[in-house]
Amino acid sequence: MNNLGAWRAIAASLALTFVATACTQTTQKREAPVFFPPPPALPRIQYLTYFTGVKDIEEQSSFNRFIVGEKENRQLNKPYGIALYDGKIYVCDVNATVTVFDLQAKSLTFMKGATSGGGVLQQPVNISVAADGTKYVSDPVRGQVVAFDRNDEFLLAFGAPGGWKPVDAVPFDNRLYVADMGHGLVSIFDRQSGELLKSIGNTGDPSERLDRPSNLAFDSEGYLYVTDVGRFQVVKFDRDGHFQTAIGRLGDNLGHFARPKGIAVDRQGLLYAVDASFNNVQIFNQQGRLAMFFGEAPDKPGGFVLPAKVAIDYDNLKYFQKYLQPGFTAEYLILVTSQFGDRRVNVFAYGHEEGKHYPTDEELLSQIEERRAKERAAQQAP
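Residues numbered from 1 in each chain as written. Predicted model: local features only at pLDDT ≥ 70, side-chain atom pairs only at ≥ 80, totals over all residues. Heavy atoms only, no water.

S.K.: Could you clarify how one ought to interpret the sheet that holds strand β16 (residues 224-228) in this entry?
M.R.: Paired through their backbone hydrogen bonds, the strands of a sheet run either parallel or antiparallel. One open sheet accounts for 4 strands, arranged β15-β16-β17-β18; its pairing is antiparallel. The open sheet is flanked by β15 (213-218) and β18 (243-247), the only strands paired with a single partner. Within the sheet, the average angular offset between the axes of one strand and its neighbour, ignoring direction, is 25°. Here 4 bridges tie strand β17 (residues 233-237) to β18, and the two strands are oriented antiparallel to one another. Following the sheet pairing, Val235 is matched in β18 by Ala246. (Pairing = 2+ DSSP bridges. Helix = DSSP H or I, 4+ residues; strand = E, 2+ residues; numbered from the N terminus. Axes fitted to C-alpha atoms, helices over the stretch in contact; angles between N-to-C directions.)

S.K.: Explanation requested: the layout of surface pockets in the structure shown.
M.R.: Empty pockets left among the atoms are what a rolling probe the size of a water molecule brings to light. Its volume calculated, the largest pocket comes out at about 1,100 Å³. Surrounding the largest pocket, 36 residues form its lining, Val129, Ala130, Phe218, Val265 and Ile312 being those nearest its centre. Of all the elements in the fold, those that place two or more residues in the lining of the largest pocket are β3 (79-85), β7 (126-129), β11 (166-172), β15, β19 (260-265) and β23 (307-313). Here the lining of the largest pocket gets 5 residues from one element, more than from any other, and that element is β23. Residues that form the lining of the largest pocket fall into these classes: 22 nonpolar, 4 polar and 10 charged. Approximately 540 Å³ is the volume attributed to the second largest pocket. Residue lining of the second largest pocket: 23 residues in total, with Phe36, Pro37, Pro38, Phe293 and Arg371 positioned closest to the centre. When residues of the lining of the second largest pocket are traced back to their parent elements, those giving at least two are β1 (34-36), β22 (290-294) and α3 (361-380). Residue contributions to the lining of the second largest pocket peak at 6 residues, all from α3. Taken together, the residues of the lining of the second largest pocket sort by class into 15 nonpolar, 4 polar and 4 charged. (1 Å grid on protein atoms, 1.4 Å probe; cavity = no way out; pocket = protein on both sides within 12 Å on 5 of 7 lines; lining within 4 Å. Points joined across faces, edges and corners; volume = space filled by probe spheres on them. Nonpolar A, V, L, I, M, F, W, Y, C, P; charged D, E, K, R; others polar.)

S.K.: Just to check I follow, could you spell out unusual backbone geometry for this structure?
M.R.: Backbone geometry follows two general trends: most residues other than glycine have a negative phi, and most peptide bonds adopt the trans configuration. The omega torsion across Phe36 and Pro37 is -10°, close enough to zero to call that bond cis. Here the bond from Pro39 into Pro40 is cis, since omega is 10°, no more than 30 degrees from zero. In this structure, Pro40 sits in the loop between β1 and β2 (45-51). Located in the positive-phi region is Asp86, a residue other than glycine, with phi close to 50°. When its relative accessible area of 54% is taken as the criterion, Asp86 is described as exposed. (Buried < 20%, exposed > 50% of the residue type's maximum accessible area, 1.4 Å probe, protein only.)

S.K.: What is the right way to read the side chain of Thr52 from this model?
M.R.: Position of Thr52 among the secondary structure elements: in the loop between β2 and α2 (62-68). Overall, the relative accessible area of 4% leaves Thr52 in the buried class. Of note is the side chain of Thr52, whose polar atom sits 2.5 Å from the backbone oxygen of Asp342. With sequence-adjacent residues up to four places away left out, Thr52 is seen in contact with Gln75, Leu76, Phe101, Asp342, Arg343 and Arg344. (Polar contact = N/O pair within 3.5 Å; in protein donor to acceptor, adjacent residues only side chain to side chain. Contact = heavy atoms within 4.5 Å.)

S.K.: Explain the packing of aromatic side chains to me, please; I cannot follow it from the model alone.
M.R.: Aromatic rings in a pair are described by how distant their centres are and how their planes are angled relative to each other. Enumeration over the complete set of coordinates arrives at 21 aromatic pairs. For the pair Phe172 and Phe218, a centre-to-centre distance of 4.5 Å together with 25° between the ring planes defines the contact as stacked. In this pair, Phe172 is assigned in strand β11 and Phe218 in strand β15, connecting sequence segments 46 residues apart. Residue Phe172 is classed as buried on the basis of its relative accessible area of 18%. In this structure, Arg267 is placed above the aromatic ring of Tyr314, and the distance from its NZ or CZ to the ring centre is 3.7 Å. The ring of Tyr50 has Arg343 sitting right over it, with the charged end atom 5.3 Å from the ring centre. (Phe/Tyr/Trp six-rings, centres within 6.5 Å; stacked < 30°, edge-to-face > 60°. Lys NZ or Arg CZ within 6 Å of the ring centre and 35° of its normal.)

S.K.: So what exactly am I meant to see when it comes to the nonpolar core here?
M.R.: Considering soluble globular proteins, one finds that nonpolar side chains tend to be buried as a cluster. Counting 26 residues, the largest nonpolar core has Phe51, Ile89 and Phe320 as its most contacted members. For this core, the secondary structure elements donating two or more residues are β2, β3, β4 (88-93), β24 (328-338) and β25 (345-353). With 4 residues, β24 is the largest single contributor of residues to this core. In this structure Ile89 touches Phe51, Ile82, Ala83, Leu84, Thr99, Val100, Phe101, Leu103, Phe320, Leu335 and Val345, once residues within four positions along its chain are discounted. (Core = buried A, V, L, I, M, F, W, Y, C linked by side-chain atoms within 4.5 Å.)

Structure representation (structure tokens):
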């Protein structure tokens, strides 16, 4: 073989090596399994993984890295609202725009309709997605709720800039419910026309009025839950605005709130409520009693640093099956944003360990009270 042939053989061999490496070396994050409540209690929630920047979603082969160099690790700056729809995680970065982690395409992009034309956002805080794929982004600096279609293109904007402070918006049937922190109420719009229909939470007995509503969620029966940072409570209304009850109160004990943030409700009626002061998420049953809570120390997997929003998803479990511990069956996903730290978008699975009997709400409440008593005794011990 002449020298030219030898060099061609070597080049071909190197190319095959790089191609093989490109096919096998991908970005795979696997955390040690973390469960809540911790052992020996039966697990209900497993921490799965996290997303902070481009390296957590996009795969770069050794061959690509050799040719073009290391990719810039673009990261979330200060995430708040979050939603998961059709294999895409939409994150409101309040210092940027809506960032999209595409789980199928394995890419990180920005919501295309939010970067030009009528859909440009100034400070996106919260996002929700209707069943038809319409996204509603609340922007208090722009002073509007901006709607995008299922393809992420701009549709229309709700409300007049400058006259209010929309911080969250959730659809229900043909209406859009918007938390107006500036006026201490929830505005209700027609989803199709954008017409303002009525307001709720600002009339009636003072004990039933809102103060500073910040986050919204509906349950499967059509009841509206409102985080009120002025009341330090989650307030429950029917869809027409009639007060039902209030959950929690100001304090530093279990079941209390110090800095309540995002909320979500699962199909069983369990209410998830973030507290940025406690760095955890508390879960309340349908009677408004604390069932459990989760959140590790900030520097550990499953931990939060100023958590902001919680979202629940039943439709995208397939993208996270590989993270599930054998024997643990997932029923739905839980996503929680942290505004700071190395793990900005945290993904959990709610489920159960196969073949195990799980206690009732009453039994869980008894366990919590027992643990609380033990903690008090330990604090009082000399």
